[in-house]
Amino acid sequence: MKVAIYGQFYQNTTSPIIKRLLQFLETHKVTFTIEANFLKMLQENKAVNKNYSTYSSHKELDKSYDMLLSVGGDGTFLRAVTYVRNSGIPILGINAGRLGFLANVQQENIETFLQLVLEKKYKISKRTLLSLSCTPKVDSISEINFAMNEVTVSRKDTTSMITIETYLNGEYLTSYWADGLIISTPTGSTGYSLSCGGPILTPEASSLVITPIAPHNLNARPIVIPDNTVLKLKISGREENYLVSLDSRIASVKNESVLTIKKTPFKINMVEISEETFLKTLRKKLLFGEDKRN
Ligand SMILES: NC(=O)c1ccc[n+]([C@@H]2O[C@H](COP(=O)([O-])OP(=O)(O)OC[C@H]3O[C@@H](n4cnc5c(N)ncnc54)[C@H](O)[C@@H]3O)[C@@H](O)[C@H]2O)c1
Ligand SMILES: Nc1ncnc2c1ncn2[C@@H]1O[C@H](COP(=O)(O)OP(=O)(O)OP(=O)(O)O)[C@@H](O)[C@H]1O
């Protein structure tokens, strides 16, 4: 077995996690390579004292890898997706962060869960992604132009609302007068969209959610649409620019630009261990349906 390890931060808590992880991999003769910046941080902080093979670009992660292990929180998991892209390499998230909804292997379960992985006792949960193209082009988001949680547009440098003229497959839906608009995948439905009143979708639902952020309107409600819909958004406002985000990556976009959002042709393979299914995580991490009678 051959795995890639990804992380983006070092904290005191990283050391025991990484030691347990590397010890397990070495004991079980798993070949591994560590993202170069992450290894540098680990070495500088003396969390590891050996030299390991490294990678620093998505181009180096080819089909010879069986899995990518993301060490961090959900933000780190989302960034790990930008290394995996359309390679099909399954991702497993080891939680070193706070909530750990996507990164759902807890520190105390590292060995147990990795043993299940070695025995191939896991399922793959296929996650839909969204792609974004912008006219005129915005360089900072044109290379990594996809998101696993959501594409969001929002106001910038101002308190005044923006107007988001929205078309579904070329047909006019409405113009939202709001702080912003979230186009969410099923995975993202438990993230920002949820905080703005959007519904929870189970991960493999073939749907997307459009959720307005603070719409100044009694009638604007989150709407669920088929995931083969092509969305076009034209945003206007008092300021010259507004913000567009793809998960945690953000860019400034000029007023009157047109955004096209659609499903990517590839999916992300998320590793699902039966002890940590989506429904279990929903109850455990977001306290779904918590009721003292249950
Ligand atoms: N008000 C909000 O709820 C809000 C605002 C901005 C961004 N976000 C979310 O944060 C993500 C970016 O992460 P970040 O680390 O840069 O921001 P961050 O540090 O603000 O973390 C956002 C929180 O959202 C949680 N989260 C992220 N994806 C999730 C998912 N699919 N299901 C359940 N919880 C999830 C994370 O665990 C974290 O606690 C965005 O994709 C967006 O979904 C949420
Ligand atoms: N490799 C790591 N080692 C230790 N702590 C980490 C590591 N990566 C992330 N963290 C901790 O987790 C925090 C959040 O990390 P990250 O941005 O990956 O996730 P997040 O989106 O905030 O999600 P979550 O709520 O799940 O932590 C960081 O500020 C840090 O405290």
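Just so you know, these numbers come straight off a predicted model, no measurement behind them.

Explain the nonpolar core to me, using residue names and the numbers behind them.
Residues Ile5, Ile18, Leu21, Leu25, Leu69 and Leu92 are the most contacted members of the largest nonpolar core, which totals 31 residues. Listed by contribution, the elements that provide at least two residues to this core are β1 (2-6), α1 (14-27), β2 (31-35), α2 (36-44), β4 (67-72), β5 (91-95) and α4 (110-118). Here this core gets six residues from one element, more than from any other, and that element is α1. Once you skip the residues sitting within four places of it in the chain, Leu25 turns out to touch Val3, Ile5, Val30, Phe32 and Leu69.

With reference to specific residues and values, describe the packing of aromatic side chains.
Within the structure shown, the criterion is met by six aromatic pairs. Ring geometry for Tyr6 versus Tyr83: centroids 4.8 Å apart, planes at 40°, classification tilted. Of this pair, Tyr6 sits in strand β1 while Tyr83 sits in helix α3 (residues 74-84), placing them 77 residues apart in sequence. Aromatic rings pair up to connect Tyr6, Tyr55 and Tyr83 into one cluster.

A description of helix α6 (residues 278-286) should follow, citing residues and the corresponding values.
Restricting attention to buried positions, one finds in α6 the residues Phe278, Thr281, Leu282 and Lys285. Viewed along the axis of α6, the buried residues span an arc of 105°, placing them on a single side of the element. For α6, the elements touching its buried residues are β5 and β17 (258-272). Looking one or two residues past α6, Leu287 carries a phi angle of roughly 55°, positive in sign.

Which residues make up the environment of Tyr55, and what values do they have?
In this structure, Tyr55 sits in strand β3 (residues 54-55). Taking the C-alpha atoms as reference points, Tyr55 and Ile34, 21 residues apart in sequence, are found 6.3 Å from one another. Discounting residues that sit within four places of it in the chain, Tyr55 has contacts with Ala4, Ile5, Tyr6, Thr33, Ile34, Glu35, Ala36, Glu60, Leu61, Leu68 and Tyr83. Within the local environment of Tyr55, its side chain forms a polar contact with the backbone oxygen of Ile5, the two atoms lying 3.0 Å apart.

Parameters and conventions
- Residues numbered from 1 in each chain as written.
- Chains lettered and ligands numbered in written order.
- Predicted model: local features only at pLDDT ≥ 70, side-chain atom pairs only at ≥ 80, totals over all residues.
- Heavy atoms only, no water.
- Core = buried A, V, L, I, M, F, W, Y, C linked by side-chain atoms within 4.5 Å.
- Buried < 20%, exposed > 50% of the residue type's maximum accessible area, 1.4 Å probe, protein only.
- Helix = DSSP H or I, 4+ residues; strand = E, 2+ residues; numbered from the N terminus.
- Contact = heavy atoms within 4.5 Å.
- Phe/Tyr/Trp six-rings, centres within 6.5 Å; stacked < 30°, edge-to-face > 60°.
- Arc of directions from axis to C-beta.
- Polar contact = N/O pair within 3.5 Å; in protein donor to acceptor, adjacent residues only side chain to side chain.

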